[in-house]
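These are the residues of each chain, in order.
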Amino acid sequence: MAILEVKGLKKTYAARLGGDKVHALTGVSFSVEQGEFVAIMGESGSGKTTLLNIVASFDKPTGGDVLLEGRSILQIPEDRLAAFRREKLGFVFQDFNLLDTFTLRDNIFLPLVLAGKNHVEMARRLTPLADALGIADILGKFPYEVSGGQKQRAAVARALITDPKLLMADEPTGALDSRAATALMQQFERLNREGQTILMVTHSAIAASYAGRVLFIKDGQVFQQIYRAGRDRQKMQQEIADTLLLLSGGGQG
Amino acid sequence: MRRFLYGRLALSNLIKNRRLTLPYLLACAGTTMMLYSVVEIALNKGMLHLPGSAFVQSLMVMGQLIVSVFAVIVLFYTNGFLIKGRMRELGLYAVLGMEKRHIAQVLALETLFSGLAGVGLGLLAGMLFGKLLFLLLLRMVGKTAALPFQISLPAIVQTCVVFVVAFTLILVSNLRAVGKARPMELLQSAKAGEREPKTSWFAAILGLLSLGGGYGLALWVKSPIEAIGIFFVAVLLVILGTHLLFRAGSIALLKLLRASKSYYYKPDHFISVSGMIYRMRKNATGLANICILCTMVLVAVSTTVSLYLGVEKSLRAQFPRSVELYLYDQGPLGSVRLLAEDTARDHSVAVDQYAQGEMSRMYADLQGDTLDYDGVAATVQRCYFMPMEAYETLGGERQELQEDEVLLFRNVGAYGQDHVVIETEAFRVKEELNSFPIAQKEMQSVENTMFLVFADETAMERAFCGRDFERFIYVGFDLKGSEEDAAAFSSDFYERCQADEAIQATLISSDSVYAQRETWIATNGGFLFLGLFLGALFMLSMVLIIYYKQVSEGLEDSERFIIMQKVGMSRREVQRAINSQVVTVFFLPLAVAVLHTFVAFPVLSKMLALFFINDLWHTAFCMLGTIAAFSVLYVIAYFLTARVYYRLVTR
Ligand SMILES: Nc1ncnc2c1ncn2[C@@H]1O[C@H](COP(=O)(O)OP(=O)(O)O)[C@@H](O)[C@H]1O
Ligand SMILES: [Mg+2]
C-alpha cells in the first residue's frame, strides 16, 4: 500500500517586488510505499525544499493533493495540524534545528512532552533509540557542546521518538563532514531495513545512493526516477551521477 | 573624500538600525531635556528672591547631580546593548576588508552624530518644556510669582559638559570592544555566550542573606532617628541582594524545578522553565536593574507624595492650636488675650479654643514604671508636668485627684501601668488619658512625650525631687474665619506682641500654622517636584532598558519558536509559551519592587515622622496610590514594548 501519494502538486510563489511569479512546482506526482527509502534530487532551486515543506504540511500548495495513508493532509484543520505532524511525521533538517536551551535528551523529548506523555514512558522509548544511534552517553550535553554529526543523530532521535509513519529529511548531510555524513546514511539505511519509511531530499549523489529509489526533479516536475534494485552502492552512485549530468545537460540543450 | 565616505556610512548605519538607534536618540534627548531644565532651575537667579525658595533651589542642585550621574550611566548602559547587537555587522565590515581604524572611524562618527542629534534635540525640548516644568515647580511650592525661565548659556554649557563626558566614555568603550575582537569573533559574538549558566549556590545564599539583612533592618527599625542611618545600609543590602538573587537565585530555583521530572516534563513547564534558565542568564542584570529602578520610583514618589499631601497633617502635629505662644511669666496673660481678641476683630476672624496653662518641662528616662531624670538612654522621654488647675485652663476636664494620684498621657503607644515612680516618689495613675488638649496621639513620633497632671503644685513639687525645672506658660488658640484673614491676623498679631513691651519682655517664642505653612508647602512641594522629576527620569531609563531587552530577546526567540513550530508545536501553543515567558519576565521586576516597597514601609514611615507625618494610614494610602499609578504606567510600557517583541518573534 502506498503510504504517501503526491498528486499533481503545484506551488507558485507570489511575485516578489518587481519580479515575476516563481513557479517552484508545476505538477509533481509520485508515491512512496510502506517501508521504502526514497531520495529526491535536483539542482539548487529546483523546488525540493518546497516539495518537502508541503508534504510536511509546513506550507500549502497552489494545486494538487497530498495523501498520507490515503487521507488528504490538506483537509486537516489548522488546529489539528501540529498534533498531526507530531504523531505521524518525523523531520530531520539540514541545520539540525536543535534548541540551545535544552540538553540533547530534552530536545529529543520535546515532541513527546508536547504530546503529554509522562517521563517514564519517554525514558523507556529513548533508551533503545539512543543506543542504536550511539548517543546514549552524550544525552546530558547541550547542542553547543557536541559535534555536528552528534547533533544530527540527536535530531534523528527526536524525529523517530514519536514512531512516525514517515521520516522526512531535508539535506540531512548538508552540514556534516564526509565521515559523519556516511555514518548518518548508514543509520538511515539500517533504519529503513528495520521498516522505517524515509523520504529524503539531498543534492549529494553519495547520500542518495543509500536510498532504494531516487527521484529527480527538474523545472518543477519529476524528471526521472531510478531504482537501486539490489545493485551495490558504487554502481548506484555512478548511475545517479550520470543522471544528474543528463539533467543539467538537458537544461542546456 | 574618504572622510566623507565614512560619514555617509555612519549616517546610513544610524538610519538602517533605527529600530535600535531611535529609542537611544530619544532617551538621550529626554535626559538632556531633564538635565537642562533642572540645571536652569538650579541656576535661576529669580528664585533667590522668593522667600523660602533657597531650600527648593538647593534641592534642585542635588537633583542636577543625580540626573547628571544617572544620565551618564543610562546612556553608557544602553549603548552596551546597541554595540552587542551590532558586533556581527562590524565583523562583516572587517571580513569585507575594512581596517579596524576605519571601523573605529565609522563608530566615532556614529557616536558624534547621534550625540549631537540627541543633545541638540534635548536642549531644544528643554528650552520649550523647561518653562512648563518650572511653572509646575513654582505651583507645587506654592509660589505665584511669574519668574522668567531664561535660556541660559551656563546651563547649556553645563549640560553639554555632562554629555561630552558620557559620549567620550561610550566611544572609548566601543573602540575597546572593536579593538579587542578579531573578525571571526566579531562575526560570532552575537551567537557567543549561549552556554547554560552555572549554578552558584554561594551567590544565591549570599543574595538571600543580603536581602534578608536589608529587609530585617528595614522591618525592625525602632525610631525615626535610627531610620536615617539604617535606611542607606538597608538600601545597599537590598540592591546587592536583588542583583545576586536575580542572577544566581533564580537560576538555582529554576534548576531545582528542572530536576523534578514530574514537574518539568509538562508541556507548559518544559518550555518555560528551560527558556527562563536561558533567559535569566542574559537578562538577570537587566531585570535586577529594572527592579531597582521600579523600587526607586515607588519609594521616591510615594514618600514625596505623602509629604506633600501631608502638609496639613504635619502642621497639625506641630501646632495643636493654630497660634501658639510661650511665655516666662503669668504677668501679661490678660493682655495677651485682649490683644488676640482685638487683633481678631480687626481681621474679622474669631478666637476659638483659647487655652493656657503653666507647666514644667524636663527629660527623663522611662524604665518600666520608673522615670529617672539623669537617664541618658535611648528610651528618654520628653515630660511635661502640670497641676490640675493648669490642665483645666488648657481645656482638660477637671477631675478630683488625691495627692498621690496623677493623670497620664503618652503621645505614642499606651503606658498601661497603674503606677509611676518618679525617681523615688510613687504615684498612682488614676487614669491614662486617650487625648490631651495640647498634644496629639500619634502612631509614631520623633520624640516620645509624656504629660503628667498632678493634684496641685505641692504634689508636683514632690515629683521634682528637689530639682528646679524650667517653667513656662503655654498660650494657644485657633482662629475661625477665612484662611487669608487668619494669615493676616497671624502676622499682625506677631507684630503687635513684639510692640507691646510687657508681652515682649516675657515672650519666649511665638509661632503659628499660618507662618509655617508657606515654608512647609515650599519644602514639601520641592521634595515632591524632585521625587516626580527623578521618578520620570528613572521611568524613562526603565522603559529604555525594557525596550532593548525585548528587542534583543525577540530576535533570539524568533529562531527558537520557528524551530518549535517545526517539531510539532502549533502556533497557538507557541503563542502561549511566548506569552507566559514574556509576562513572567516582564512582571517579575515589578512584583519584587512592590515587595521591596512594602518592606520599606516601616522605615519610610519612620523617616516621614521626622517631617511630622505621623499618620500611618495616610502614608500607606499614598504608597498604595503610587503603586497603582505606577503599575498602570508599567503595563502601558509593557504593551508598547511587547508589540515590538511579538512582531520580531512571529515575523
Ligand atoms: N518563500 C518563497 N517565496 C518566493 N519564492 C520562493 C520561496 N521559497 C522558495 N522560493 C523559490 O522557489 C524555488 C524553489 O526553491 P526551493 O524549494 O528552496 O529549492 P531547493 O530546495 O531545490 O533548492 C526557488 O526558485 C526559490 O527562489
Ligand atoms: Mg533546499
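Residues numbered from 1 in each chain as written. Chains lettered and ligands numbered in written order. Predicted model: local features only at pLDDT ≥ 70, side-chain atom pairs only at ≥ 80, totals over all residues. Heavy atoms only, no water.

1. Here we look at the domain arrangement of chain B
Rule in force here: Domain start and end points were adopted from an automatic or database domain assignment.
When its domains are assigned, chain B resolves into domain 1 (1-192) and domain 2 (323-510). Each of domain 1 of chain B and domain 2 of chain B has a C-alpha centre, and these two points are 58 Å apart.

2. Some points on the site of ligand 1
Residue and element names in this part refer to chain A. So the rule is basically this: What makes a residue near a molecule or strand is one non-hydrogen atom of that residue sitting within 4 Å of it. Any pair of N or O atoms that falls within 3.5 Å is considered a polar contact. Within protein, one atom must be able to donate a hydrogen and the other to accept it, and sequence-neighbouring residues count only if both atoms are side-chain atoms. Think of it this way: any DSSP run of H or I at least four residues long counts as a helix, any run of E at least two long counts as a strand, and we number them from the N terminus.
Taken together, twelve residues form the shell around ligand 1, and within it Gly45, Gly47, Lys48, Thr49 and Thr50 come nearest. The backbone of Ser46 places a nitrogen or oxygen atom 3.3 Å from an oxygen atom of ligand 1. At the level of secondary structure, the elements contributing two or more residues to the shell around ligand 1 comprise strand 2 (22-33) and helix 1 (48-55). By residue number, the principal contributor to the shell around ligand 1 is helix 1, which donates three residues.

3. Things to note about the pairing of strand 1 (residues 2-13) of chain A
Residues and elements named next belong to chain A. Inclusion rule: Strands were regarded as paired on the criterion that DSSP finds at least two bridges between them.
Here nine bridges tie strand 1 to strand 2, and the two strands are oriented antiparallel to one another. Bridged to Lys10 within strand 2 is Thr26. Bridge count between strand 1 and strand 4 (residues 63-68): five bridges; the pairing is antiparallel. Counted as the bridge partner of Leu4 is Leu68 from strand 4.

4. So, the pattern of salt bridges
Residues and elements named next belong to chain B. Note the cut-off: By definition, a salt bridge exists where a carboxyl oxygen of Asp or Glu is found within 4 Å of a side-chain nitrogen of Lys or Arg. Three exposure classes are used, based on accessible area relative to the maximum for each residue type with a 1.4 Å probe and protein chains only: buried under 20%, partly exposed in between, and exposed over 50%.
Taken as a whole and assessed by the stated rule, the structure comprises 26 salt bridges over all chains. For the salt bridge of Glu392 with Arg398, the shortest nitrogen-to-oxygen distance reads 2.9 Å. Residue classification places Arg398 among the partly exposed residues on the basis of a relative accessible area of 43%. A salt bridge links Glu425 to Arg462; the nearest nitrogen and oxygen atoms lie 2.7 Å apart. Pair noted here: Glu425 is in strand 7 (residues 425-432) and Arg462 is in helix 14 (residues 457-464), with a separation of 37 residues, a long-range link. Residue Glu425 is classed as partly exposed on the basis of its relative accessible area, which comes to 23%. Look at Arg462 and you get partly exposed, because its relative accessible area is 29%.

5. Quick notes on the environment of Tyr326 of chain B
Residue and element names in this part refer to chain B. Just so we agree on the cut-off: Note on contacts: a residue pair qualifies if any of its non-hydrogen atoms lie within 4.5 Å across the two residues.
Among the secondary structure elements, Tyr326 is positioned in strand 1 (residues 323-327). Using a relative accessible area of 27% as the deciding quantity, one classes Tyr326 as partly exposed. Residue contacts for Tyr326: discarding those within four places in its chain leaves Phe472, Ile473, Tyr474, Thr506, Leu507, Ile508 and Ser509.

6. A closer look at the packing of aromatic side chains
Which entries qualify depends on this criterion: Here is the rule: rings of Phe, Tyr and Trp (six-membered ring for Trp) pair when centre to centre is within 6.5 Å. Planes less than 30 degrees apart are stacked, more than 60 are edge-to-face, and the remainder are tilted.
Summed over all chains, the structure comprises 41 aromatic pairs over all chains. Each residue in the set Tyr326, Tyr384, Tyr391, Phe409, Phe436, Phe451, Phe472 and Tyr474 of chain B is aromatic and connected to the rest through ring pairs, giving one cluster.

7. So, the packing of helix 3 (residues 53-95) of chain B against helix 5 (residues 153-180) of chain B
Residue and element names in this part refer to chain B. The following threshold applies: Every axis in this analysis is a line fitted to C-alpha atoms, fitted for helices over the stretch in contact. Angles between the N-to-C directions lie between 0 and 180 degrees. When an angle is under 35 degrees it counts as roughly parallel; over 145 it counts as roughly antiparallel; between 65 and 115 it counts as roughly perpendicular; any other value is oblique. Helix crossings get a hand from a simple test, with the near helix turned counterclockwise from the far one by less than a right angle marking a left-handed crossing and a clockwise turn marking a right-handed one. Residues are grouped as follows: Ala, Val, Leu, Ile, Met, Phe, Trp, Tyr, Cys and Pro are nonpolar; Asp, Glu, Lys and Arg are charged; every other residue, Gly included, is polar.
Helix 5 packs onto helix 3 with a crossing angle of 30 degrees between their chain directions and a minimal axis gap of 9 Å. Looking at the two axes, helix 3 sits roughly parallel to helix 5. For the crossing formed where helix 3 meets helix 5, the hand is right-handed. Facing helix 3, whose interface residues are Gln64, Ser68, Ala71, Val72, Leu75, Phe76, Asn79, Ile83, Met87 and Leu90, helix 5 presents Gln158, Val162, Phe163, Ala166, Phe167, Leu169, Ile170, Ser173, Asn174, Ala177 and Val178. Grouping the amino acids of the contact of helix 3 with helix 5 by side-chain chemistry returns 15 nonpolar, six polar and no charged.

8. Some details on helix 4 (residues 119-133) of chain A
All names here are of chain A. Where we set the bar: Each residue after the first adds 1.5 Å to the expected span of a helix.
If you check helix 4, its first and last C-alpha atoms are 20 Å apart, about what 15 residues at 1.5 Å a residue would give, namely 21 Å. Looking only at helix 4, the buried set comprises Met122, Leu126, Leu129, Ala130 and Leu133. Buried residues along helix 4 sit in contact with helix 3 (104-114), helix 5 (148-160) and helix 6 (178-193). Two or three places before Val120, at the start of helix 4, stands the capping residue Asn118, its side-chain oxygen 2.9 Å from that residue's backbone nitrogen. Looking one or two residues past helix 4, Gly134 carries a phi angle of roughly 70 degrees, positive in sign.

9. Here's the deal with the confidence of the model for chain B
Using the following cut-off: One number per residue, pLDDT, summarises how confident the predictor is, and it ranges from 0 to 100.
With 94% of its residues at a pLDDT of at least 70, chain B reaches an overall mean of 85. Taken together, the chains of this predicted complex give a pTM of 0.79 and an interface ipTM of 0.82.

10. Here's the deal with the nonpolar core
Applied cut-off: In these notes, a set of buried Ala, Val, Leu, Ile, Met, Phe, Trp, Tyr and Cys residues joined through side-chain atoms within 4.5 Å is what counts as a nonpolar core.
Judged by nonpolar contacts, the single largest core of 175 residues is most densely connected at Phe188 of chain A together with Met60 of chain B. Broken down by element, the residue count for this core peaks at 20 residues, all from helix 17 (residues 513-566) of chain B. Discounting chain neighbours no more than four positions away, the residues touching Met60 of chain B are Val38, Ile41, Ala42, Leu137, Gly526, Phe529 and Leu530 of chain B.

11. Overview of the interface of chain A and chain B
The condition is simple: Buried surface area refers to the total accessible area, computed with a probe of radius 1.4 Å, that the two partners give up upon joining, counted for both partners together.
The interface of chain A with chain B comprises 26 residues on the first partner and 24 residues on the second. Taking both sides of the interface into account, the surface hidden between chain A and chain B amounts to around 2300 Å²; carbon and sulfur atoms contribute 66%. By the criterion of area lost to chain B, the three top residues of chain A are Thr101, Leu114 and Tyr144 of chain A, representing 24% of everything that side buries. Joining chain A to chain B, the criterion identifies zero salt bridges. Our count for the contact surface shared by chain A and chain B stands at two residue pairs in polar contact (both at pLDDT 80 or more). Of all the elements in the fold, those that place two or more residues in the side of chain A that touches chain B are helix 2 (78-88), helix 3 and helix 4 of chain A. With seven residues, the single largest contributor to the side of chain A that touches chain B is helix 3 of chain A.

12. Description of a nonpolar patch on the surface
All names here are of chain B. As a reminder, the rule being used: Each patch groups residues whose relative accessible area exceeds 30% and which form no salt bridge, using 9 Å between like charges and 5 Å between nonpolar side chains of Val, Leu, Ile, Met, Phe, Trp and Tyr. To measure how exposed things are, a 1.4 Å probe is used in the Shrake-Rupley method; for residues, cover is taken only from the protein chains shown.
A cluster of nonpolar side chains, Phe76, Leu153, Val157, Val161, Val165 and Leu169, forms an exposed patch at the surface whose accessible area comes to about 530 Å². By residue number, the principal contributor to the nonpolar patch is helix 5, which donates five residues. Among the secondary structure elements, Leu169 is positioned in helix 5. Given the relative accessible area of 42%, Leu169 is considered partly exposed.

13. Looking at the sheet that holds strand 7 (residues 166-170) of chain A
All names here are of chain A. The strand order across the open sheet formed by six strands is 6-7-8-3-9-10, and the pairing between neighbours is mixed. Looking at strand neighbours, the two that pair on one side only are strand 6 (89-92) and strand 10 (221-227), the edges of this open sheet. Sheet twist, expressed as the mean angle between neighbouring strand axes with direction ignored, is 20 degrees. Pairing between strand 7 and strand 8 (residues 197-201): five bridges, direction parallel. Across the sheet, the residue bridging to Leu166 is Thr197, located in strand 8.

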